[in-house]
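For reference, the chains in residue letters:
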2 protein chains.
Amino acid sequence: MGITERKTREKQEMRTKILEAAKDVFIEEGYEKASIRAIAERIEYSPATIYLYYKDKNELFHEVHELGFEKLTEEFRLSDSIENPFERLRALGHTYMKFGITNPEIYDLMFIQKAPMEAIKETDEGWDCGLTCLTYLKTTLEECIAKQYIQPTEINLLSISIWSYMHGLTSLHIRDRFHIFKDFDIEKLLYGSVELMLGMIKQNTISRPENQ
Amino acid sequence: MGITERKTREKQEMRTKILEAAKDVFIEEGYEKASIRAIAERIEYSPATIYLYYKDKNELFHEVHELGFEKLTEEFRLSDSIENPFERLRALGHTYMKFGITNPEIYDLMFIQKAPMEAIKETDEGWDCGLTCLTYLKTTLEECIAKQYIQPTEINLLSISIWSYMHGLTSLHIRDRFHIFKDFDIEKLLYGSVELMLGMIKQNTISRPENQ
DNA sequence: TAAATTTAATAAACACTGTTTAGTAAATCC
DNA sequence: GGATTTACTAAACAGTGTTTATTAAATTTA
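Quantities reported herein were computed from a predicted structural model and do not represent experimental measurements. (Residues numbered from 1 in each chain as written. Chains lettered and ligands numbered in written order. Predicted model: local features only at pLDDT ≥ 70, side-chain atom pairs only at ≥ 80, totals over all residues. Heavy atoms only, no water.)

**Points about the packing of helix 5 (residues 85-102) of chain A against helix 9 (residues 155-174) of chain A**
Working note: a packed helix pair is described by the angle between its axes plus the distance between those axes. Residue and element names in this part refer to chain A. One way to put it is that helix 5 packs onto helix 9 with a least axis distance of 9 Å and a crossing angle of 25 degrees. Regarding the angle of helix 5 to helix 9, the classification is roughly parallel. Crossing handedness for the pair helix 5 and helix 9: right-handed. Across from Gly-93, Tyr-96, Met-97, Gly-100 and Ile-101 in helix 5, the residues of helix 9 making contact are Trp-163, Met-166, His-167, Leu-169, Thr-170, His-173 and Ile-174. (Axes fitted to C-alpha atoms, helices over the stretch in contact; angles between N-to-C directions. Helix = DSSP H or I, 4+ residues; strand = E, 2+ residues; numbered from the N terminus. Parallel < 35°, antiparallel > 145°, perpendicular 65-115°, else oblique. Left-handed = near helix turned anticlockwise from the far one by under 90°. Contact = heavy atoms within 4.5 Å.)

As C-alpha cells, this is what we get:
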C-alpha cells in the first residue's frame, strides 16, 4: 500500500522542514532568539505541531547541532588532498577556528551549549558526530607522529590537547573575552597562537635528532 | 546629617544582600535556575525590588561574575610563595582548572556566558577583573622567560595561548564534550594535558643551549 | 506637632518562553 | 457511507525578565 509509504515520507519531509527552519532561525537570530514559536512561525505552523515531530527543544537543537558537524566535517574534508600531514594539521586548525568565527551560533551549539549533550544522555547513543571530527584530528596527528613531524605522544592526550587549545582560542574570542587585548589585532593574535602551537609541537622533533 | 549616611549605607547593604543571594542561588541551582524571582524569594523581597538596586539581570550577574574573579584571584595568590616561576605556572594552571571544575556555574559566568560582557559594554569600564587575572599569568610567564625556563616569546601571544589552552580543557570538560574519551580517566587526561603543555614550552629551552 | 514630600516596596500587568491538553477537521479504512 | 485514525491547532499552564501604578512608611518642611 503506497499510502503508508507516502505518509512516512511526508513525516520525514516535515521533520527536515522544521529542522531547516530551526537552523535558519539559529543562524540569523542566534541561540537566544531561536524559540519554538519563532521556528513555527517561519514554517507557518503552530508551535504545538513541532512537538508532533520532535520530543522537545533539546532533541530539535541536537539535530541542528548535527547539521553543524556535517558542515564542519565537509570543510575538514577539503584538506584531505594535502599530502604533508603537518600542513594538513595546520589547515584543520585554521578551518576549525574560521568555522567558529564565521558560524558563532552553530559553534555555540556544537561545543558550548549543554542542550545537545543532554539530548544524547536521554538516548543510548553516543556523541558520534563529535567522535567523527575528533577521529579526523587523531588520524592526522598519528600520521604526523609516524612521519616524525611530532614527537611520539599518547594519541588521546595529544588530540585532547590540540582540540582544547583550538577551542579555547575560538570560544574565548566569540565570547568576547579577548577585548582586553584591545591594542592588538585579535585575529592576528589568534592565527599567531596557532603558529606558536604548531611551532612548539614541531620543534620538539627537530631538536631531538634521535627521533629522526 | 546622619540620615543620608545611614540611607546610603542601607542602600549598599541591600545591594550586597541581593548580590550574595544571587551568588548563592547561582552556586546551588545553576545559571538556568538563577531567576530574578528565585533570588527575590531568597531574600524575602518582591522581584521588582531588585530593579531598584540593579539596572537589570546583566548588571547583577556582572557583579556575581566579579565575585568569582575575587575568589579565583584569591586562590591564585596562594601560589605567590612559590619561588620557581615555572613551578608557579604549573600551580596556576592546576588552580585554574580546579576552580572551573569545582565551581562550574561561576566559571560559566566568568568565561563562557555573554551576559557579563554585555554589562561591560553598556558602561565605559573595561574587563578589569579579567585583566587582573591575565596580568597574574603574564608576570609569571615573563619571569619564566627572564629565568630562561621558557623560550623568549611575545608575551601577549604566549599568555593568550596558555590561557586558551587551560580554558579549552576546562570548558570542554564541564560542558561534557570529553565523554567520548569514556574509556579513560578524564581528570587524569586533563592533568596529563597540562603536563604535556608545560613539557612542550619548557623543553624548548632545554633543547636550545644558546639560551642558557 | 501637623501637613507636605520624598522614599521604599510591591502587586499586577506585559510580553515573552517551553510544553501539554482538549478539541476539530480532514484523510483513510472498512 | 459511516467509523476510525491522523494531522493540526487554540488555548491554557507555569515559568521568564521587566515596567507601571499604587501604597505605606520615613523624612522634611512649615
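**So, the UniProt feature "domain: HTH tetR-type" (unreviewed entry) in chain A**
UniProt records the feature "domain: HTH tetR-type" (unreviewed entry) for residues 12-72 of chain A in the present numbering. Secondary structure within residues 12-72 of chain A divides into 79% helix and 0% strand; the distance between the first and last C-alpha atoms comes to 24 Å. (UniProt positions renumbered as here; feature names shortened; annotations may be inferred.)

**Thoughts on the domain arrangement of chain A**
Residues and elements named next belong to chain A. The assigned domain composition of chain A is domain 1 (1-54) and domain 2 (57-211). Each partner contributes to the interface: domain 1 provides 16 residues, whereas domain 2 provides 13 residues. Carbon and sulfur atoms supply 74% of the area that domain 1 and domain 2 bury against each other, a total of about 1300 Å² over both sides. Linking domain 1 with domain 2 are 2 salt bridges. Between Arg-15 and Glu-59 there is a salt bridge whose closest N-O contact spans 3.9 Å. Counting the contacts that link domain 1 with domain 2 gives 4 residue pairs in polar contact (both at pLDDT 80 or more). No other element matches the 8 residues that helix 1 (residues 2-29) contributes to the side of domain 1 that touches domain 2. A per-class count over the side of domain 1 that touches domain 2 returns 12 nonpolar, 1 polar and 3 charged. (Domains from an automatic or database assignment. Buried area = accessible area lost by both parts, 1.4 Å probe. Salt bridge = Lys/Arg side-chain N within 4 Å of Asp/Glu carboxyl O. Polar contact = N/O pair within 3.5 Å; in protein donor to acceptor, adjacent residues only side chain to side chain. Nonpolar A, V, L, I, M, F, W, Y, C, P; charged D, E, K, R; others polar.)

**Focus: the interface of chain B and chain A**
Each partner contributes residues to the interface: chain B has 50 residues there, and chain A has 50 residues. Broken down residue by residue, the surface that chain B buries against chain A is led by Ile160(B), Arg177(B) and Ile180(B), which jointly contribute 16%. Our enumeration of links across chain B and chain A arrives at 4 salt bridges. For Lys121(B), the salt bridge goes to Asp176(A), with nearest N and O atoms at 2.9 Å. Joining chain B to chain A, the criterion identifies 16 residue pairs in polar contact (both at pLDDT 80 or more). Among the secondary structure elements, those contributing two or more residues to the side of chain B that touches chain A are helix 6 (104-112), helix 7 (115-122), helix 8 (128-146), helix 9 (155-174) and helix 10 (186-206) of chain B.

**Regarding the packing of aromatic side chains**
In total, this model carries 31 aromatic pairs over all chains according to the counting rule given. Look at Phe26(A) and Tyr31(A): their rings are 5.7 Å apart centre to centre, the planes differ by 75 degrees, and that puts the pair in the edge-to-face class. In this structure, Phe26(A) and Tyr31(A) share a single accessibility class: buried. Measuring from centroid to centroid gives 6.2 Å for Phe111(B) and Trp163(B), while their planes differ by 70 degrees, and the two rings are edge-to-face. (Phe/Tyr/Trp six-rings, centres within 6.5 Å; stacked < 30°, edge-to-face > 60°. Buried < 20%, exposed > 50% of the residue type's maximum accessible area, 1.4 Å probe, protein only.)

**Looking at the protein's contact with DNA strand D**
Around DNA strand D sit 21 residues in total, of which Thr49(A), Tyr53(A), Arg6(B), Arg37(B) and Tyr51(B) are the nearest. The separation between a phosphate oxygen of DNA strand D and a polar main-chain atom of Ile36(B) is 3.0 Å. Secondary structure elements with two or more residues in the surface near DNA strand D: helix 1 and helix 3 (47-53) of chain A together with helix 1 (2-29), helix 2 (36-42) and helix 3 (47-53) of chain B. Sort the elements by how many residues they give to the surface near DNA strand D and helix 3 of chain A lands first, with 4 residues. For the surface near DNA strand D, a count of residues per class yields 10 nonpolar, 3 polar and 8 charged. (Near = heavy atom within 4 Å.)

**With respect to the side chain of Arg15(B)**
All names here are of chain B. Mapped onto the secondary structure, Arg-15 falls in helix 1. Polar contacts involving the side chain of Arg-15 include one to the side chain of Glu-63, which spans 2.5 Å. When residues no more than four places from it in sequence are discounted, the contact partners of Arg-15 are Tyr-53, Tyr-54, Glu-59 and Glu-63.

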